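# Remarks on the overall topology
Residues per chain, in single letters:
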Amino acid sequence: MRGGRLIGLHLGLVAVLFALNFVLPAYSHGTVARVMVLATYAMGYNILFGYTGLLSLGHAMFFAAGMYGLAMPMTHLGLGAGPALLTGIGSAAVLSLGVGLLALRTRGVAFMIVTLMFSQAAWLTILLAGRWTRGDEGVVIPQADRMLLGLDLSDPSTRYLAALALFSAVLFGTLWLVRQPIGRVLVAIRENEDRAELLGYDTFRHKLGAVVLSGTVSGAAGAAYGLFFGYAGASFAETHYSIFPLLWVLLGGAGTVIGPFLGTLFMFYLIDLTSGLTPAYMLVAGVALVLLTLFAPQGLAGEIRRRWWRGLP
Amino acid sequence: MEFGPHLMLAVLEGAVTAAVLALMASGLSLVFGVMRVVNVAHGQFFMLGAVLAWAVSSALGGGAVGFVAALLLAPVIAGALAVAADLTVLKRVGYDPERTIVATIGLLYILQQAALMTYGPEARPVAPPFNDRLALPWIEFGPEGPGLIWPWGLSITSYKLFVMGAAAAVLAGLWALMTRTGIGLVMRATQLDRETAQAFGIPVERVYAGVFGLGAALAALAGVLIVPIQQAHYLMGGDALLLSFIVVIIGGLGSLGGTVIAALLIGLSDGIVSVFFSPTLAKILATLLVALVLVFRPEGLMGKAAR
Amino acid sequence: MPVTKTDAGPRSPARRSAIKTLAAAAAGTASLPLWARYAGAQSAAPIRIGFQMHATGIGAAYGRWYDRTTRAALRLINEAGGINGRPVELVTEDDGTDPKRGAEVVEKFASLHRCDVGYGTLFSHVVMGSAPRAGELKLPYFVVSEGHHVASGALNRWTLQPGITDVKSQVLAMAPFVRENLGRKVTMIFPDYAFGHDHRDFFSQAIEAQGGEVVAKLAIPPTETSFTKYFAKIPRETEVIYHVMVGPSVLTFVKEMGEFFGPSRPEIFGFIDSLESVDLQSPGLDFLEGTYFWEGMPRYVQPDQTEFDRHYRAAIGIDENGALAADPSDVSAYAHMFGCWETLYVIKAGMEACGYRGPDDRAALVEAVEAMTEMPLSNDHPQGAKLFNGRTHQVFGPQYISKVENGRLVVQAETPIEAGFYPDEVDYTTQSL
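Values in this document were obtained by computation on a predicted structure and should not be read as measured data. (Residues numbered from 1 in each chain as written. Chains lettered and ligands numbered in written order. Predicted model: local features only at pLDDT ≥ 70, side-chain atom pairs only at ≥ 80, totals over all residues. Heavy atoms only, no water.)

## Some points on the overall build of chain A
Regarding its fold elements, chain A presents 14 helices and 4 strands. The C-alpha atoms of chain A give 19 Å as radius of gyration, which agrees with the globular expectation for 313 residues (20 Å, within 12%). In terms of principal-axis extent, the alpha carbons of chain A reach across some 50 × 45 × 40 Å. For chain A, the exposed area adds up to about 11,200 Å²; of that, 69% sits on carbon and sulfur atoms. (Helix = DSSP H or I, 4+ residues; strand = E, 2+ residues; numbered from the N terminus. Rg over C-alpha atoms; globule rule 2.2 N^0.38 Å. Areas by Shrake-Rupley, 256 points an atom, 1.4 Å probe, with all protein chains shown as cover.)

## Remarks on the packing of helix α2 (residues 42–59) of chain B against helix α3 (residues 63–90) of chain B
Residue and element names in this part refer to chain B. Running from N to C, α2 and α3 cross one another at 140°; their axes reach a closest spacing of 8 Å. Between α2 and α3, the angle is such that the two are oblique. Remark: the crossing between α2 and α3 carries right-handed chirality. In contact with Phe45, Leu48, Gly49, Leu52, Ala53, Val56 and Ser57 of α2, α3 contributes Gly66, Phe67, Ala69, Ala70, Leu73, Ala74, Ile77, Ala78, Leu81 and Ala82. Tallied by class, residues from the contact of α2 with α3 come to 14 nonpolar, 3 polar and no charged. (Axes fitted to C-alpha atoms, helices over the stretch in contact; angles between N-to-C directions. Parallel < 35°, antiparallel > 145°, perpendicular 65-115°, else oblique. Left-handed = near helix turned anticlockwise from the far one by under 90°. Contact = heavy atoms within 4.5 Å. Nonpolar A, V, L, I, M, F, W, Y, C, P; charged D, E, K, R; others polar.)

## Observations concerning the packing of aromatic side chains
For any two aromatic rings, the description comes down to two numbers: the centre-to-centre distance and the angle of the planes. Following the criterion strictly, the structure yields 39 aromatic pairs over all chains and no others. When the ring of Phe236(A) is compared with that of Tyr241(A), the centres are 5.1 Å apart and the planes differ by 50°; the resulting orientation is tilted. Under the relative-accessibility criterion, Tyr241(A) is labelled buried at 2%. Seen from their ring centres, Phe271(C) and Trp294(C) are 4.9 Å apart, and the 20° between their planes marks the pair as stacked. A residue pair is termed long-range when its members are at least 10 positions apart, and Phe271(C) in strand β9 (residues 267–271) and Trp294(C) in strand β10 (residues 292–295) qualify at 23 residues. You'll find Phe271(C) and Trp294(C) in the same group, each marked buried. Members of the aromatic cluster, connected to one another through ring pairs, are Tyr41(A), Phe63(A), Tyr225(A), Phe229(A), Tyr231(A), Phe236(A), Tyr241(A), Phe244(A) and Trp248(A). Taking NZ or CZ as reference, Arg34(A) lies 4.3 Å from the ring centre of Phe229(A), over its face. The ring of Tyr119(B) has Arg124(B) sitting right over it, with the charged end atom 4.9 Å from the ring centre. (Phe/Tyr/Trp six-rings, centres within 6.5 Å; stacked < 30°, edge-to-face > 60°. Buried < 20%, exposed > 50% of the residue type's maximum accessible area, 1.4 Å probe, protein only. Lys NZ or Arg CZ within 6 Å of the ring centre and 35° of its normal.)

## Here we look at the pattern of salt bridges
Residue and element names in this part refer to chain C. Within this structure, the stated rule accounts for 42 salt bridges over all chains. Ionic pairing is found between Glu224 and Lys229, a salt bridge with its closest N-O pair at 3.5 Å. Residues Glu224 and Lys229 agree in their burial class; the two are buried. (Salt bridge = Lys/Arg side-chain N within 4 Å of Asp/Glu carboxyl O.)

## Regarding the UniProt feature "transmembrane region" (unreviewed entry) in chain A
The UniProt record annotates "transmembrane region" (unreviewed entry) at residues 7–27, 47–71, 83–103, 109–129, 160–178, 208–234, 246–271 and 277–297 of chain A. Note that residues 7–27 of chain A is 90% helix and 0% strand, and that its end C-alpha atoms are spaced 30 Å apart. (UniProt positions renumbered as here; feature names shortened; annotations may be inferred.)

## Topic: the side chain of Gln191(B)
Residue and element names in this part refer to chain B. Tracing the backbone shows Gln191 in helix α6 (residues 182–192). On the accessibility criterion, Gln191 (19% relative accessible area) is buried. Apart from the residues within four sequence positions on either side, Gln191 is in contact with Gly33, Val34, Arg36 and Gly254.

## Topic: the UniProt feature "domain: Leucine-binding protein" (unreviewed entry) in chain C
Sites flagged by UniProt as "domain: Leucine-binding protein" (unreviewed entry) map to residues 46–407 of chain C. Counted over residues 46–407 of chain C, helix gives 37% and strand 20%. Its end C-alpha atoms are 45 Å apart.

## Structural notes on the sheet that holds strand β13 (residues 374–375) of chain C
Residue and element names in this part refer to chain C. On the basis of which strands lie adjacent, the open sheet formed by 3 strands has the order β13-β14-β15 and antiparallel pairing. The sheet is open, and its two edges are formed by β13 and β15 (394–396), each paired on a single side. Here strand β14 (residues 386–389) pairs with β15 via 3 bridges, running antiparallel. Note that in β15 the partner of Phe388 across the bridge is Val395. (Pairing = 2+ DSSP bridges.)

## Some thoughts on the state of the cysteines
All names here are of chain C. Applying the stated criterion across every chain, the model contains 0 disulfides over all chains. Here Cys115 is not cross-linked by a disulfide; its sulfur's nearest cysteine counterpart is in Cys340, at 16 Å. No disulfide involves Cys354; its nearest neighbouring cysteine sulfur is the one of Cys115, lying 17 Å away. On the basis of relative accessibility, which here comes to 21%, the residue Cys354 falls in the partly exposed class. (Disulfide = S-S within 2.5 Å.)

Right under this line is the structure:
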């Protein structure tokens, strides 16, 4: 019964987003497509942060691994978009496995710092490899190469639907995951790692799985971003791109499936609309964040859950 | 440059970095240690210190008077601002770790935009009160035994020496405050166990506000000290925050001694590694080196288990 | 709080009310039937130029000067009757000096604000991130970036750089002077950015062609705030130091270089980017006396000042030292911002040449600009005569080499346009519009 309503809610969201493809004006159409890709990144982040309770400050390296894992073979080896999407996702998976093995020796704040520093090193590596990556300037992925399964991803509607496909896959994947036993173990680790361990769960392997899954989804978002919008650049590996998913997730509601999307959408329009009204839009955004922490402490979805619907996943 | 003098220069430069870093990180360490919250806006108080140093010293016509006035005023203003932020926001979110992160990100945006709108986007210098170039000697073993030579480029400025001295003095003062005074005792008690401290009648909320203000003041002081070397710029807080954050965790949570050691480790490794590798590769290796310290000693250099 | 001048804010209130009027107009037009909207576009509705401004982020110090120059040029254009009899309106959006936001801003220009062109981007990574979207949306995108990205063929037919010479050309033009007047063995210091790498690669080739040699290449990571430890890597045999740095630490860089060398420095040649918008009288810069700089356009008034430079300075309100006349401590980005002025006049000339009426004529505008070649020294092109290459979408102009004398930059040489020529690397006109 609850499961039915739950899946209904998320199906409803996907249906609304699908319908929006046909009615949104051009600018918002492009924006929502972008927000769906970024929300996918936030959902990937949420697997680790919201459900497993591990706060990473280095997810930009996974996003960038996906982006460069896609862009480098396309630029230098002439790989097609389809295989390049896989190399992008694969790069993020390998990187997150390596980072996970090292970083998970630490906990809490030390985990934050280790991921932060690995990410910083990854960003500098992109600059160091400027001969291939063109450093900060980045590389453009030519419009002609952005064909996936015969679909032209530079076409607005195709791009929108491709973004929606990625978004829904990860949305339902996450929904499925958190309802599986493994998802419950992750939540148990978040709530009390020592107790989970006492109950006989191999917490390290579960945490490692969460890091890899989270990193891979983030990388998929990065690869998709590069492919959909035709550009890969080092700025996506900088620290603030690690902070963004944290912010989006906290704003939307950590540990909720729908929260990352709400947070990403909210933050985008907060900046976009206020920047049209005043040059001091960062000031407005700052005040809005402070007010949100004061009056909607569990994020937007958390607030919905608290006020109206306790069963929201 | 020959290897020996080059290494000496790198060590000296690393020491200057370490001094400023230690000062700034000690403020973050206090906040983090006592209040158990991450102040993402900490770097902005560093920036505020630098910007205020420029404002105060140019209002007083520059020179040593302006600089000394800035040294006194900037930390007080930044500290007062931080106390106000604590009382209006952090206290009301109950120092919840996650909400504090979002709230201080908000504070970061506010301070940064305010600096951009009032101070502007340029990097502005403040003249140091004194700044003599001191050429340094190096010992060379020639055919007639050891002798002193003056290698090309091996030098430091008197102001950089002053920064090291000033940082050491402030840190010593902070250490004395924490270990030798009643205020320090109250802070340490709050750090150990908030509930018990409250039960013993310690005004925890006032302690928190004070600690938050003191942390910001230390960051601002570091900002004032650095500005004759580095100029004030409205974006300077970002990297400074990351570095001091790293220092605090490497040092071990709430350990002032660990913070100083970690600052030295990071400052010196940054300098020394740069002798052997090309600059960006050196940065990468220094970063990974420090990260691996934490991987294999997760509680930090001087800390007990983090949580 | 620090004192700043009256229009220190990145955007003035005038722009806000312009946006509001615009929004109202857009809302109004949207409610009209289709034929009426089209008829409206035929009338004297303003031409909208979408200005992608670095109002915040790392490029903000340049952004405010690009803004001032842009406003001054548009004021004159409007006073002289606008373009094709229509007034020109500026729609400013801040890109935060970020490629992702840059792409979003381009979308906003094309789809929301219905701008006729996008314009004014400086930082290369923002250009690279934004240009693909401009190409997809078929929005003519005029950048003022001095990057080699346009001429290298990395971008698309909708992206043009008709107002400022690219870095490859600048560097090629400098090598003969460095070799003949300063020395043969060069150490290069540059940021570890694509922009720095362009300097490294193109200058190394150029100086070798002149019989010189680069003895060391120091790429500095962008987050660096202290530089002395890297100066120790400068080989003793170095005769010339070639430096080009960007970002907020440039002043530290130059100051520490002075402290490092003390009394015994080699010859020093730098790109003014290292000190753009910085007062040469700033504390610690006295050691620059006698060193050389590339300048895109001479910051200080020279004895042979042209009437066009006088006209240009007066329009923006810049004094003879390249600072704001109203506040001499506010130093301009003089070596770069002329590109905004000249680009706007190129847009104007292009629109007039193709009888531009509205967004349907965007392709014709691109073709009209591609057809341009010579741009004589004039009020429209105060930096100097230019030659535009329609195939590579890149303009070429003269460069200046100045020496610091008594704390002022004094021009020593002006290189001819041809000194910056190199073989075409792309022919954009073969791409479809």
